[in-house]
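# Report on the structure
Single-letter residue listing:
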Amino acid sequence: MILPSFFAPASFTRLYAKYRAQRFSMLDLGRGNHAVRKAKRWFPECSYTGIDRERYNNDDHDFDLMDLFHQIDLEDATALSVLPDASYDVLIMSHVLEHLKQGHAALEALFDKVKAGGSAYL
């Protein structure tokens, strides 16, 4: 069922028009609190990779919904080398940058992971 975009969470509103009915890959950073459930509700065809420095407020069901999960501390931008370059259509990083001392280094490394023509929500 395709839902109206005005009901979508803010991080998905613009992405919804472009990706709602297709398969794509999403890289979602720092998204505890069952974020994968929201992503799969709005984008059921997405391949979801979650990254966080800990398993913050997610349960086994959340991890079952994720295609991949990497426990990475973004303060070490070299830790992102486990992810292939130019392999994600969408990057979501909501309420993460303000917690990083070296946010610019993390962003540089993360943008390498997004395909040409991909989208980002920061």
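Residues numbered from 1 in each chain as written. Predicted model: local features only at pLDDT ≥ 70, side-chain atom pairs only at ≥ 80, totals over all residues. Heavy atoms only, no water.

Time to look at unusual backbone geometry. Notably, Asn57 is not glycine yet its phi reads approximately 50°, a positive angle. With respect to the helices and strands, Asn57 occurs in the loop between strand E2 (46-52) and helix H3 (60-65). Overall, Asn57 belongs to the partly exposed group, its relative accessible area being 41%. The backbone of Ala86 sits at a positive phi, close to 50°, despite the residue not being glycine. (Helix = DSSP H or I, 4+ residues; strand = E, 2+ residues; numbered from the N terminus. Buried < 20%, exposed > 50% of the residue type's maximum accessible area, 1.4 Å probe, protein only.)

This part covers the pattern of salt bridges. Applying the stated criterion across every chain yields a total of 6 salt bridges. With a closest N to O distance of 2.5 Å, Asp62 and Arg37 form a salt bridge. One end of the pair, Asp62, is in helix H3; the other, Arg37, is in helix H2 (residues 35-42), with 25 residues separating them in the sequence. Connected through salt bridges with shared partners, the residues Arg37, Asp59 and Asp62 form a single ionic network. (Salt bridge = Lys/Arg side-chain N within 4 Å of Asp/Glu carboxyl O.)

Bringing the sheet that holds strand E1 (residues 24-29) into the picture now. Backbone-to-backbone hydrogen bonds pair the strands of a sheet. The strands run either parallel or antiparallel. Reading across from one edge, E3-E2-E1-E4-E5 is the order of the 5 strands in this open sheet, with parallel pairing throughout. Each of the sheet's edge strands pairs with one partner strand only, and the pair in question is strand E3 (68-71) and strand E5 (114-121). If you compare each strand with its neighbour and ignore which way they point, the axes differ by 20° on average. Relative to E2, E1 runs parallel, the two sharing 6 bridges. In the strand pairing of E2, Asp28 is matched with Gly50. Helix-sheet contacts for H2 involve E1 and E2, and the interaxial angle to E2 is about 160°. Of the strands in this sheet, E1, strand E4 (88-93) and E5 are in contact with helix H4 (residues 103-111), which crosses E4 at around 160°. (Pairing = 2+ DSSP bridges. Axes fitted to C-alpha atoms, helices over the stretch in contact; angles between N-to-C directions. Contact = heavy atoms within 4.5 Å.)

This part takes up empty space enclosed by the protein. For the coordinates displayed, the defined rule picks out 1 cavity of 30 Å³ or more. Put simply, the largest cavity is a space of about 40 Å³. Lining the largest cavity are Asp28, Arg31, Gly32, Tyr48, Gly50, Ile51, Asp52, Asn58, Met66 and Phe69. Take the lining of the largest cavity: its biggest share by element is 4 residues, from E2. The class makeup of the residues in the lining of the largest cavity is 4 nonpolar, 3 polar and 3 charged. (1 Å grid on protein atoms, 1.4 Å probe; cavity = no way out; pocket = protein on both sides within 12 Å on 5 of 7 lines; lining within 4 Å. Points joined across faces, edges and corners; volume = space filled by probe spheres on them. Nonpolar A, V, L, I, M, F, W, Y, C, P; charged D, E, K, R; others polar.)

Before going further, it helps to examine H4. Given 3.6 residues to a turn, an α-helix orients residues that are three or four positions apart in the same direction. Buried within H4 are the following residues: Gly103, Ala106, Leu107, Ala109 and Leu110. Projected down its long axis, H4 shows its buried positions confined to an angular sector of 165°, all on one face. Relative to its buried face, H4 has exposed residues pointing more than 90 degrees away, namely His104 and Glu108. Its buried side turned inward, H4 meets E1, E4 and E5. (Arc of directions from axis to C-beta.)

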